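Commentary on secondary and tertiary structure
Listed below, chain by chain, are the residues.
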Amino acid sequence: MTTVPQVRTRVRIPLRFGDGPAVPSEAVTFTGLSDGLEHLAFVLGKPGPVPLVRLHSECLTGDVFGSARCDCGPQLEEAVARISEVGGYLLYLRQEGRGIGLYNKLDAYALQDSGLDTYAANAALGLPEDARDYTAAAQMLTVFGVQRLDLLSNNPDKAAQLARHGLAVREQLRTGVFANENNVRYLRAKAEQSGHTLALPFEDWSASSAV
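So, here's what we can say about the structure. If you're wondering where the values come from, they're calculated on a predicted model, not measured in any experiment. (Residues numbered from 1 in each chain as written. Predicted model: local features only at pLDDT ≥ 70, side-chain atom pairs only at ≥ 80, totals over all residues. Heavy atoms only, no water.)

**Details of the overall build of the chain**
- Looking only at helices and strands, the chain features eight helices and seven strands.
- For the chain, the exposed area adds up to about 10,600 Å²; of that, 52% sits on carbon and sulfur atoms. (Helix = DSSP H or I, 4+ residues; strand = E, 2+ residues; numbered from the N terminus. Areas by Shrake-Rupley, 256 points an atom, 1.4 Å probe, with all protein chains shown as cover.)

This is the structure we're talking about:
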């Protein structure tokens, strides 16, 4: 028998990044999601009929430890600020390393240090370039009654997958570009190989930068 996704718990959690002010939010947990993982939704501001939504894949190294090898931490902070202004949902999805897991992600980093880009490193490990499935995200939004949304993302696959689950993406809004000498090759690979809408800076950073 198929379990219908539903809300499990709602709890108020103020979110704070660095020395900034706390942002009010309501954290929501679920039962019956398709993959059985402990995904979280954060309700920010007052969501309207077409809320602003960010699907944010978990990144322990970037979100928690401030790793400069990716742009995940700055994107998370930006998403909380932008969504809280207009009202919507931040979905925090337990899909570390584009779905390959933390240890595999660090193994891929080691290969990137030898010159492979982020996608080639995954392939060298016998892993998919991007294993993320957004079925659970679509289910979470459906539980909230969302039918149309604005999507805060540079990744066209997120919008495409939501559309396949019957959700209408009215507009896809770009995130900021948080490039530095450690992640510029990683960002360039996302733009060139998977169509991320990133306007990268022109700084001539070292070719030895991490990818």
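**Thoughts on the pattern of salt bridges**
- As enumerated under the stated definition, the model contains seven salt bridges in all.
- For Glu58, the salt bridge is made with Arg94, and the minimal N-O distance between the two is 3.0 Å. Of this pair, Glu58 sits in the loop between strand 4 (52–57) and helix 1 (60–64) while Arg94 sits in the loop between strand 5 (88–93) and helix 3 (96–99), placing them 36 residues apart in sequence.
- Judged by its relative accessible area of 17%, Glu58 is buried.
- Arg82 is paired through a salt bridge with Glu78; the nearest N and O atoms lie 3.2 Å apart. Of this pair, Arg82 and Glu78 both sit in helix 2 (residues 72–86), four residues apart, roughly one helical turn. (Salt bridge = Lys/Arg side-chain N within 4 Å of Asp/Glu carboxyl O. Buried < 20%, exposed > 50% of the residue type's maximum accessible area, 1.4 Å probe, protein only.)

**Brief notes about the layout of surface pockets**
- Looking at the largest pocket, its volume works out to about 190 Å³.
- Considering the residues around the largest pocket, the lining is formed by Arg8, Thr29, Phe30, Thr31, Gly32, Leu33, Gly36, Leu37, Glu38, His39, Leu40 and Arg94.
- Looking at the lining of the largest pocket element by element, the count peaks at three residues for strand 2 (residues 25–31).
- Each residue belonging to the lining of the largest pocket can be placed in one class, and the counts come to four nonpolar, five polar and three charged. (1 Å grid on protein atoms, 1.4 Å probe; cavity = no way out; pocket = protein on both sides within 12 Å on 5 of 7 lines; lining within 4 Å. Points joined across faces, edges and corners; volume = space filled by probe spheres on them. Nonpolar A, V, L, I, M, F, W, Y, C, P; charged D, E, K, R; others polar.)

**A look at helix 4 (residues 102–112)**
- The complete set of buried residues in helix 4 reads Lys105, Ala108, Tyr109 and Gln112. Looking down the long axis of helix 4, one finds its buried residues gathered within 110° of arc, a one-sided arrangement.
- Buried-residue contacts for helix 4 involve helix 1, helix 3 and helix 5 (118–124). (Arc of directions from axis to C-beta. Contact = heavy atoms within 4.5 Å.)

**Topic: the side chain of Ser25**
- One can find Ser25 in strand 2.
- A polar atom in the side chain of Ser25 sits 2.5 Å from the backbone oxygen of Ile13.
- Setting aside chain neighbours within four positions, we find Ser25 in contact with Val11, Arg12, Ile13, Leu15, Phe42, Val43 and Leu44. (Polar contact = N/O pair within 3.5 Å; in protein donor to acceptor, adjacent residues only side chain to side chain.)

**Quick word on unusual backbone geometry**
- Even without glycine at this site, Arg98 takes up a positive phi of about 55°.
- Among the secondary structure elements, Arg98 is positioned in helix 3.
- Owing to a relative accessible area of 11%, Arg98 belongs among the buried residues under this scheme.

**Observations concerning helix 6 (residues 135–143)**
- For helix 6, the full list of buried residues reads Thr135, Ala136, Ala137, Ala138, Met140 and Leu141.
- Buried residues in helix 6 make contact with strand 2, strand 3 (40–44), strand 4, strand 5, strand 6 (148–152) and helix 7 (156–164).

**Some thoughts on the nonpolar core**
- Counting 23 residues, the largest nonpolar core has Leu55, Tyr89, Leu91, Leu141, Phe144, Leu149 and Leu162 as its most contacted members.
- Elements represented by at least two residues in this core include exactly strand 2, strand 3, strand 4, strand 5, helix 6, strand 6 and helix 7.
- Counting residues per element, this core draws most heavily on helix 6, at five residues.
- Core analysis: the second largest hydrophobic core is formed by 13 residues, Val23, Leu44, Leu52 and Leu76 among them. (Core = buried A, V, L, I, M, F, W, Y, C linked by side-chain atoms within 4.5 Å.)

**Let's talk about the state of the cysteines**
- As enumerated under the stated definition, the model contains zero disulfides in all.
- Free cysteine Cys59: the closest other cysteine sulfur is in Cys72, separated by 3.7 Å.
- Among the residues examined, Cys59 registers a relative accessible area of 4% and is labelled buried.
- The closest cysteine sulfur to the non-disulfide-bonded Cys70 is located on Cys72, 3.5 Å from its own sulfur. (Disulfide = S-S within 2.5 Å.)

**Re the packing of aromatic side chains**
- For the structure on display, the rule yields two aromatic pairs.
- On the basis of an interplanar angle of 75° and a centroid distance of 5.8 Å, the ring pair of Phe30 and Phe144 is categorised as edge-to-face. Here Phe30, found in strand 2, pairs with Phe144, found in the loop between helix 6 and strand 6; they are 114 residues apart in sequence, far enough to count as distant. Side by side, Phe30 and Phe144 carry an identical accessibility label, which is buried.
- With a relative accessible area of 16%, Phe144 lands in the buried category.
- Sitting over the face of the ring of Tyr109, Arg69 holds its NZ or CZ atom 4.2 Å from the ring centroid. (Phe/Tyr/Trp six-rings, centres within 6.5 Å; stacked < 30°, edge-to-face > 60°. Lys NZ or Arg CZ within 6 Å of the ring centre and 35° of its normal.)

Distances and angles like these do not, on their own, reveal function.
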